[in-house]
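Next come the chains, spelled out residue by residue.
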Amino acid sequence: MKKIKYLLMALFIMFLGFTNVYAAETDFSNATLTVEGLTDESHTTAYISVSNVVLDSEIDYKAVFTKTANVVNSFTNAPDLSPSIYTENGTIKISSYTSAAERYGDVYVTFYEKEKTTGNYTKVSNPILVKRPEELKITKRIHTGLYEDSSILIFNSINNLATTKTANYKIGKVTDNNIFKNVKNGNYSGLESLLTYAKNDNNAVKTGAVELKSTAPSLYAQNDLQDGSYYYVYFDLDTENGKYYPVEDVNLYQAKTTSNGKIWLYDYLSSEFEWNIDEDSSLTEWEKYVELFKNNKYTTEYKSTVESAGGTLTIQHDESTLKLILNDSTGTFTTVFNHNNGIVSYAAKNGIGASELMFDNIWISVAIDTLCNKFGYNTEEVLTYLENSNGLTIGKDGIEFTLMDVSSSESGSYGDVSISGSGFETLKFDIIKGLKNYSNNSTNNTVPENPKTGINICYTFLGLVLAGGIVIYIYSRKHNKFPQV
């Protein structure tokens, strides 16, 4: 029995030796890893801080960076990217993070302790995922200074500064006014659009490869650029077949001739950069029309009048509609203009009441006045032209309408209003080509005594007056069929 007992004890000791069981001295189960050292201008000083861990000063630790969660249980010779852990000013830090993140992007960190008996490093934590921080904003990733004989190119994204990186670049002309407008107005979407534009542009004036350093050569020849024109400079980091995490950047520049006769590229934040663009050319004709409508003096005056009476006026629009919504003590009135391919249209609702029709015709008058403002027409003369015309069509004349009779006397929050005459039943007009057969210098600007169309609704609202209470003033020139009461 004693022999068997001793044999079993020997086998157990041998088993322990073969399995090499190691009990971790430090608990990393609650470890929290955070990327620190980031600024809005640079990520080159990034490092990882470790919290919820108490280190033993007698133990040598390693943190191993890997691309995946597949890691070894132990090692004798430290693998690549296995920095030491150290404490600085009370903070536990892991060095060499930038070297790992510039290769892998997201990294896994696994902790190891050095065994005192064997000298091996043994895994004492599961791999912990550390996401690569959000990239610097566009234009910040590669700082540039672009001159006729040299360049300053500072790589500010996460990278090991000890290794100089190379980037492919291209320079191309930019003429997209929408990009200009958004960049000028500080909309980040403008830089995002510029990046997409530059990346896909096949008409670059210059391409090449360059080391990202403060003493780089010039990226362009003088005859590559035109004075005053706008250019992008796009960079795409050379990943060296996947060795480095991809990074791209772009900026907007203007080519300008300096006092020595040489062309430099100034970025859009430089005091030398000049915006010579058409602010409105990026807008569609409908967007231009809507902006003119919203800023029309009658729109702003009427809105002020409504609000002073305790009501509200809301203007809503999208690519196909413009809505005017009045809320006051008498109810809600909504006028809708529709838009399709440059044609603005209105149609009175079925069974429309006198008050609703009056409200609609207020905005129809503003709509016609806005059309006149857009094309530089004289509104008074246009009203005369419409008054004196028969059979106008949208295709031939750029405007057409039908009328309906209305008669009512009502009291409301704007006072007592008598309504008698004609109102628009339908209206269409062209905001791209305007009034095709109207002469802006027409001498026939007198309203006839017997108008051919009975179009007194055109004069519905071209002004507001305040008299005793808030009264809608119906401007009808010689035909005062919508009188103020």
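The structure we're discussing is the one just above.
In short, a report on the structure. Just so it is clear, the structure is predicted and the values come from calculations on it, not from any experiment.

### Observations concerning the overall build of the chain
Helix and strand counts for the chain stand at nine helices and 24 strands. Of all 485 residues assigned to the chain, the portion counted as buried reaches 45%. Long-range contacts, defined here as pairs at least 24 residues apart, represent 65% of the contacts in the chain between residues at least 6 apart. As displayed, the chain has an accessible area near 24,400 Å², and 47% of this comes from carbon and sulfur atoms.

### Points about the environment of Lys93
Here Lys93 is to be found in strand β6 (residues 91-94). The class of Lys93 is buried, set by a relative accessible area of 10%. Residues Lys93 and Leu33, 60 residues apart in the sequence, show an inter-C-alpha distance of 9.3 Å.

### A word on the packing of helix α3 (residues 177-184) against helix α4 (residues 188-200)
Interhelical geometry of α3 versus α4 gives an angle of 140° and a closest axis separation of 7 Å. Relative to α4, the crossing made by α3 is left-handed. Facing α3, whose interface residues are Ile179, Asn182 and Val183, α4 presents Ser189, Gly190, Leu191, Ser193, Leu194 and Tyr197.

### What to know about the pattern of salt bridges
Applying the stated criterion across every chain, the model contains 14 salt bridges. For Lys213, the salt bridge is made with Glu211, and the minimal N-O distance between the two is 3.0 Å. When its relative accessible area of 37% is taken as the criterion, Glu211 is described as partly exposed. One salt bridge in this structure joins Glu291 and Lys294, with 3.6 Å as the shortest N-O distance. Placement of the pair is Glu291 and Lys294 together in helix α5 (residues 285-294), with a separation of three residues, close to one helical turn. Exposure remark for Lys294: the relative accessible area of 29% places this residue in the partly exposed category. Ionic contacts of the salt-bridge type, sharing partners, join the residues Glu285, Lys288 and Lys374 into one network.

### Quick notes on the nonpolar core
Phe293, Phe337, Tyr346, Trp363 and Phe429 are the most contacted members of the largest nonpolar core, which has 41 residues in total. In this structure, Phe337 is in contact with Phe293, Ser320, Thr321, Leu322, Leu324, Val344, Ser345, Tyr346, Trp363, Ile364 and Ala367, ignoring residues within four places of it in sequence. Counting 26 residues, the second largest nonpolar core, distinct from the first, contains Ala46, Ile48, Val53 and Ala101.

### A look at the pairing of strand β11 (residues 151-155)
Where burial is concerned, the two faces of β11 differ: the one with Ser151, Leu153 and Phe155 is buried and the one with Ile152 and Ile154 is not. In terms of strand pairing, strand β10 (residues 142-146) meets β11 through five bridges, oriented antiparallel. Note that in β11 the partner of Leu146 across the bridge is Ser151. Where β10 hands over to β11, the hairpin turn is made up of four residues, counted between the paired strands.

### A look at unusual backbone geometry
One can expect most non-glycine residues to show negative phi and most peptide bonds to be in trans. In this structure, Ser96 is a non-glycine residue whose phi angle is positive, near 70°. Within the secondary structure layout, Ser96 lies in the loop between β6 and α2 (97-104). Exposure remark for Ser96: the relative accessible area of 36% places this residue in the partly exposed category. The backbone phi angle of Thr139 is positive, close to 85°, even though this residue is not glycine.

The rules behind each value
Residues numbered from 1 in each chain as written. Predicted model: local features only at pLDDT ≥ 70, side-chain atom pairs only at ≥ 80, totals over all residues. Heavy atoms only, no water. Helix = DSSP H or I, 4+ residues; strand = E, 2+ residues; numbered from the N terminus. Buried < 20%, exposed > 50% of the residue type's maximum accessible area, 1.4 Å probe, protein only. Contact = heavy atoms within 4.5 Å. Areas by Shrake-Rupley, 256 points an atom, 1.4 Å probe, with all protein chains shown as cover. Axes fitted to C-alpha atoms, helices over the stretch in contact; angles between N-to-C directions. Left-handed = near helix turned anticlockwise from the far one by under 90°. Salt bridge = Lys/Arg side-chain N within 4 Å of Asp/Glu carboxyl O. Core = buried A, V, L, I, M, F, W, Y, C linked by side-chain atoms within 4.5 Å. Pairing = 2+ DSSP bridges.

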